[in-house]
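What follows is each chain in one-letter form.
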Amino acid sequence: MHLKMDPLAYQFLENLNAAVKRKVTVTLIGGNALCALGLKDRTRDVDLVVRSTQREVAAFCREYLQRYKVKVDFFVDGLFHSVRVADYLQKAFSVNAPEFPNLEVKILNIYDVILTKTLRFIERDQVDIKNVVSQMPISASELDNRANYYLKHFLGPKDDFIQNYNLLKRAFGHLFKP
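Residues numbered from 1 in each chain as written. Predicted model: local features only at pLDDT ≥ 70, side-chain atom pairs only at ≥ 80, totals over all residues. Heavy atoms only, no water.

Caption draft 1: Focus on helix H1 (residues 7–19). Taking 1.5 Å of rise per residue, the 13 residues of H1 would be expected to cover 18 Å, and the 18 Å separating its terminal C-alpha atoms lies within 8% of that figure. Of all the residues in H1, the buried ones are Ala9, Phe12, Leu13, Leu16 and Asn17. One face of H1 carries all of its buried residues, which in axial projection span an arc of 135°. Buried residues along H1 sit against strand E1 (24–28), helix H2 (30–36), strand E2 (46–50), helix H3 (55–68), strand E3 (72–76) and strand E7 (103–107). (Helix = DSSP H or I, 4+ residues; strand = E, 2+ residues; numbered from the N terminus. Expected span 1.5 Å × (residues − 1). Buried < 20%, exposed > 50% of the residue type's maximum accessible area, 1.4 Å probe, protein only. Arc of directions from axis to C-beta. Contact = heavy atoms within 4.5 Å.)

Caption draft 2: Quick look at the pairing of E7. Burial of E7 is extensive: four of the five residues sit out of reach of the surface. Two elements, E1 and E7, share five bridges in a ladder whose sense is parallel. Bridge pairing links Val26 to Val105 in E7. In this sheet, E7 lies alongside strand E6 (residues 93–94) in antiparallel orientation, the contact comprising two bridges. (Pairing = 2+ DSSP bridges.)

Caption draft 3: Here's a closer look at the packing of H1 against H3. With their axes 11 Å apart at the nearest point, H1 and H3 run at an angle of 125° to one another. The pairing of H1 with H3 is recorded here as oblique in orientation. As for the relative orientation of H1 and H3, their crossing is right-handed in sense. Of the residues in H3, those in contact with Gln11, Phe12, Asn15, Leu16 and Ala19 of H1 are Val57, Phe60, Cys61, Tyr64 and Tyr68. (Axes fitted to C-alpha atoms, helices over the stretch in contact; angles between N-to-C directions. Parallel < 35°, antiparallel > 145°, perpendicular 65-115°, else oblique. Left-handed = near helix turned anticlockwise from the far one by under 90°.)

Caption draft 4: Structural view of the side chain of Asp125. Following the sequence through the fold, Asp125 ends up in helix H6 (residues 123–135). With residues up to four places along the chain from it excluded, the contact list for Asp125 reads Lys117 and Arg120.

The following block contains the structure:
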């Protein structure tokens, strides 16, 4: 897959590519993943996951916010809010990004995009989820299986996620395939 990008995220990746001294992996999540999949035109910030072994990327993200006043939400090793999604990288898929030779760019699996947006489930997350399920065949059983994985890997209270997931199914369940 060739990379489509929100201009804000593209500029961030250009700068990151120039700054790193070795090949690093970045996984686009949230709105950036949706932009890369052609499911959203723009996003408000840069959202990505980095590995804990790539400390220079985390430092770059913090510095980028200060220098460019662009919000960079980065998560480390698949820890999204209060759930550790240890297999996120295996489920993500790689994109062809020859313009970033120092980066291995991946996109979070669409089921993980939906579920990480369900963790907060604020209005703009709900709009994004509705757009996804309206444009892509989302399997209800596959989403349920993945949600159960999340529940098993929560590090804190699960009540908000369970409530949000139930709201998601009530609001958009009719759009899922069986």
